[in-house]
Amino acid sequence: MDHLVTLGEFLRAGRARVEPADVGFPPTGRRRVAGLRREELAQLAGVSVDYYTRLEQGRSRTASRAVLDALAAALHLDEAERTHLFNLAAQPERVHRQPHPRPQQVSTGVEQLLRRLDAAYCPAFVLGRRTDVLAGNRLASALITDFSALPPRERNQARFVFRDSYARELYADWEEVAADTAAMLRMEAGRHGDDRTLSELVGELSEHSPAFRRMWSDQRVIERTEGTKGYRHPVVGSLTVSYQAMALAGEKDQTLFVYTTPADTADETALRLLATWSSSTASLTARPGRTAEPR
């Protein structure tokens, strides 16, 4: 991943999303490109057109915090996008890390917490770098898929969403889930630009999934905190869960996702039924299969 190029792509995508009229520029007839021109963004950010052009084209290796703050304000970036901008700008100056970091593991305490959440009828799992699925409880395996039964390389949320045909059937709004997953992965790329395994994953998904190529090119980034997600489960039918995403204290790059449903609702009943099904002997053979696309 050439992050000088990636920074330029992110800036270009950002200015393409800003309507000139929304930032005070008068209509000028038909434009050759969507959004702001380079000179307009440079004016809003208070930098020279030449300097901004060099930054966008990857010919400048430095950008001060003040310049980045001004660009973020001019592009109306949200907090996640602003963080991503700073991550990309910092890449050339970072100390080189191992291209293949050690595999991540969850602690014994987190494993115990996941089992406790099973007892509370809460699907829960831990995502690590690159959206790797590090651990999950029984109910999460029953609701989504049993990542622990897969080879280590396959235990990845992005790979599941974009390369497993079952995912398209499972998620009620697959397009939204897929777009958010690509945005999460791009956020990871900003943080860990020298992670060769991450680069290989992006390359694999780009090669095999036209949807991923389209969503990756959107240059979106997000930090997941909370929200809702709908499922069309083959055993218990349709249900909607709320989720909370929490960074695990003392565990670098590990996020705990916990799913809940309101009490005394059809969604809660569905999770309770799923818990009963997942703990039965019959579920070991009845569990929905995983049908991956050819690799």
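Before reading further, recall that the structure is shown in the block above.
Scanning the model with the defined rule gives 11 aromatic pairs in all. Taking the centre distance of 5.7 Å and the plane angle of 85° together, the rings of phenylalanine 125 and tyrosine 259 count as edge-to-face. Here phenylalanine 125 is found in strand β1 (residues 124-127), whereas its partner tyrosine 259 is found in strand β5 (residues 255-260), with 134 residues between them in sequence. For the pair formed by phenylalanine 125 and tyrosine 259, the shared burial category is buried. Geometrically, the ring pair formed by tyrosine 171 and tyrosine 231 is tilted, given 5.3 Å between the ring centres and 40° between the ring planes. Taken as a pair, tyrosine 171 in the loop between α9 (165-170) and α10 (174-191) and tyrosine 231 in strand β3 (residues 226-233) lie far apart in primary sequence, 60 residues in all. Judged by its relative accessible area of 1%, tyrosine 231 is buried. Here a set of aromatic residues connected by ring pairs shows up, and it is made of Phe125, Phe147, Phe160, Tyr171, Tyr231, Tyr243, Phe257 and Tyr259. Above the plane of the ring of tryptophan 216 lies arginine 186, whose end atom (NZ or CZ) is 3.9 Å from the centre.

If you trace the backbone, arginine 186 turns up in helix α10. The class for arginine 186 is buried, based on a relative accessible area of 5%. Residues arginine 186 and glutamine 219, 33 residues apart in the sequence, show an inter-C-alpha distance of 7.4 Å. Here the side chain of arginine 186 touches tryptophan 216 through a polar contact of 2.8 Å, landing on its backbone oxygen.

As paired strands, β1 and β5 are joined by four bridges and run antiparallel to one another. The partner of valine 126 across the bridge, within β5, is leucine 256. With six bridges connecting them, strand β4 (residues 237-247) and β5 associate as antiparallel partners. Residue pairing across strands places alanine 245 opposite phenylalanine 257, the latter belonging to β5.

Conventions we followed
- Residues numbered from 1 in each chain as written.
- Predicted model: local features only at pLDDT ≥ 70, side-chain atom pairs only at ≥ 80, totals over all residues.
- Heavy atoms only, no water.
- Phe/Tyr/Trp six-rings, centres within 6.5 Å; stacked < 30°, edge-to-face > 60°.
- Helix = DSSP H or I, 4+ residues; strand = E, 2+ residues; numbered from the N terminus.
- Buried < 20%, exposed > 50% of the residue type's maximum accessible area, 1.4 Å probe, protein only.
- Lys NZ or Arg CZ within 6 Å of the ring centre and 35° of its normal.
- Polar contact = N/O pair within 3.5 Å; in protein donor to acceptor, adjacent residues only side chain to side chain.
- Pairing = 2+ DSSP bridges.

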